[in-house]
Amino acid sequence: MADRTLDASGLRCPMPLLKTKLELNSMAPGQELEVIATDAGSARDIPAFLRLSAHELVSSSEQGGCFTFVIKCGG
């Protein structure tokens, strides 16, 4: 289970990504963040950002237009 949950449902690109970045900046390394988004751009934007960062994508899923990401905060 994630340490924190960010519900970005209903937000349009780029807000889910920006809120994810802000939340990760306030977390300690090793903590996990669950992000819930409904904007289809999040399925592309969040993993692309994580590939360029110290954070790790633990899992991602999509069900009925709802995208869920679990991210481990990097150092």
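Predicted model, so just to flag it, every value in this text is computed and none were measured.

A short note on the pairing of strand 2 (residues 32-37)
With five bridges joining them, strand 1 (residues 4-8) and strand 2 adopt parallel strand pairing. Looking at strand 2, one finds that Thr-5 is bridged to Glu-34. You can see the chain leave strand 1, run along helix 1 (residues 15-25) and come back into strand 2, and the turn it takes is right-handed. As judged from the six bridges shared by strand 2 and strand 4 (residues 66-72), these two strands associate in the antiparallel manner. Note that in strand 4 the partner of Glu-32 across the bridge is Lys-72.

Re the nonpolar core
Within the largest apolar cluster, 13 residues are counted, with the highest numbers of intra-cluster contacts made by Leu-24, Leu-33, Val-35, Ile-46, Leu-50, Phe-69 and Ile-71. Elements supplying a minimum of two residues to this core: helix 1, strand 2, helix 2 (42-51) and strand 4.

Points about the UniProt feature "domain: UPF0033" (unreviewed entry) in the protein chain
UniProt records the feature "domain: UPF0033" (unreviewed entry) at residues 6-30, using the numbering of this structure. Here residues 6-30 runs as 44% helix and 12% strand, with 17 Å between its end C-alpha atoms.

What counts, and at which threshold
Residues numbered from 1 in each chain as written. Predicted model: local features only at pLDDT ≥ 70, side-chain atom pairs only at ≥ 80, totals over all residues. Heavy atoms only, no water. Pairing = 2+ DSSP bridges. Helix = DSSP H or I, 4+ residues; strand = E, 2+ residues; numbered from the N terminus. Right-handed = clockwise from strand over helix to strand, strands pointing away. Core = buried A, V, L, I, M, F, W, Y, C linked by side-chain atoms within 4.5 Å. Buried < 20%, exposed > 50% of the residue type's maximum accessible area, 1.4 Å probe, protein only. UniProt positions renumbered as here; feature names shortened; annotations may be inferred.

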